[in-house]
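Observations on the three-dimensional arrangement
In case you want the letters, here they are:
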Amino acid sequence: IFFRLHMSQLQCTICYEDMAQKAEMPCGCAREESTIAYCHRCIELICQGGVGQCPTCRSYITVDPSGAIRLAANKGRCGMCCQIHELVDRGLCAACLLGQRYRFTYECQRCHQTQMIPHPMWRYQSTPNDFGTATWACHRGCSDYTKWRIVAADAPKVPPQECPEGWGRREEWLASIREQRHRELRGHAPAPAASRPADAAHGRRRHGDSGGCQVQ
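1. Structural notes on the overall build of the chain
Counting its regular elements, the chain contains 3 helices and 11 strands. Listed by position from the N terminus, the elements making up the chain come as α-β-β-β-β-β-β-α-β-β-β-β-α-β. Burial status across the chain gives 46% buried among its 216 residues. Contacts spanning at least 24 positions in sequence make up 52% of the contacts within the chain whose residues lie at least 6 apart. Surface summary for the chain: the accessible area is close to 10,900 Å², and the carbon and sulfur share equals 50%.

Next up, the structure:
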């Protein structure tokens, strides 16, 4: 279950602990009349190191030096795809940031050959087994724009906070944040930071990486 209903709304929806400070979400989620609420510390853990996502609406958020939670995205031209998008970090849109960090192998729906694609094509798959709704240039057997699905070996490597709802991994993401929070409350060292799209890892493109993505 994604959230718990508390009449007093004094418990955090993520860690289930009493809240010393309620998070004021800039995206409008977890309002006073809402049935969910987040403690400020859990949101800090989600955003640790830079940019995170609202657990409810998935808006990109950040915590500034004063402790205020702010929206991380600004409209502009992405420095990689050159399209007008919401820029999340380093002048790049969310998809390009994810594509830089997570370069997975996908299977072509038409020729069933595989190739590595530097774009988060998994985002267009309703489940790990379904082919996505977006197209990318196939450089293996089709020489055309086709639909793709992530290979079975790479599907578990997709960070849970970035999986579509149909993949059923949202609670896995929140459970990792909950464990970090509970470790802190027990006086242990914080667990390693959760994966985040802002951690863009730059690298060279391999053969077959080039091509466009057309979202239908």
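Once you've had a look at it, read on.
2. Looking at the nonpolar core
With 23 residues, the main nonpolar core has I14, M25, Y38 and I43 as its most contacted residues. The leading source of residues in this core is helix 1 (residues 40-46), at 4 residues. The contact partners of I43, leaving out residues within four places of it in the chain, are A23, M25, Y38, P55, I61, V63 and I69. If you look at the next biggest cluster of nonpolar residues, it comprises 19 residues, including L98, Y102, Y124 and W136.

3. Quick word on the sheet that holds strand 1 (residues 51-53)
Pairing is antiparallel across the open sheet formed by 3 strands, whose spatial order is 1-2-3. Each of the sheet's edge strands pairs with one partner strand only, and the pair in question is strand 1 and strand 3 (69-71). If you compare each strand with its neighbour and ignore which way they point, the axes differ by 45 degrees on average. Pairing of strand 1 with strand 2 (residues 60-63), which is carried by 3 bridges, proceeds in the antiparallel orientation. What sits directly across from V51, in strand 2, is T62.

4. A look at the pairing of strand 7 (residues 104-108)
Across the 5 residues that make up strand 7, a large majority, 4, are buried. The sheet contact formed by strand 7 and strand 8 (residues 114-117) spans 4 bridges and is antiparallel. Across the sheet, E107 pairs through a bridge with T114, a residue of strand 8. Linking strand 7 back to strand 8 in an antiparallel pair, the connection comprises 5 residues, with H112 at a positive phi of about 65 degrees.

5. Side note on the packing of aromatic side chains
With the rule as written, the count across this model stands at 3 aromatic pairs. An aromatic cluster of three or more residues is present, and its members are Y102, F104 and W122.

Basis of the calculations
Residues numbered from 1 in each chain as written. Predicted model: local features only at pLDDT ≥ 70, side-chain atom pairs only at ≥ 80, totals over all residues. Heavy atoms only, no water. Helix = DSSP H or I, 4+ residues; strand = E, 2+ residues; numbered from the N terminus. Buried < 20%, exposed > 50% of the residue type's maximum accessible area, 1.4 Å probe, protein only. Contact = heavy atoms within 4.5 Å. Areas by Shrake-Rupley, 256 points an atom, 1.4 Å probe, with all protein chains shown as cover. Core = buried A, V, L, I, M, F, W, Y, C linked by side-chain atoms within 4.5 Å. Pairing = 2+ DSSP bridges. Axes fitted to C-alpha atoms, helices over the stretch in contact; angles between N-to-C directions. Phe/Tyr/Trp six-rings, centres within 6.5 Å; stacked < 30°, edge-to-face > 60°.

By themselves, these are just geometric observations and shouldn't be taken as functional.
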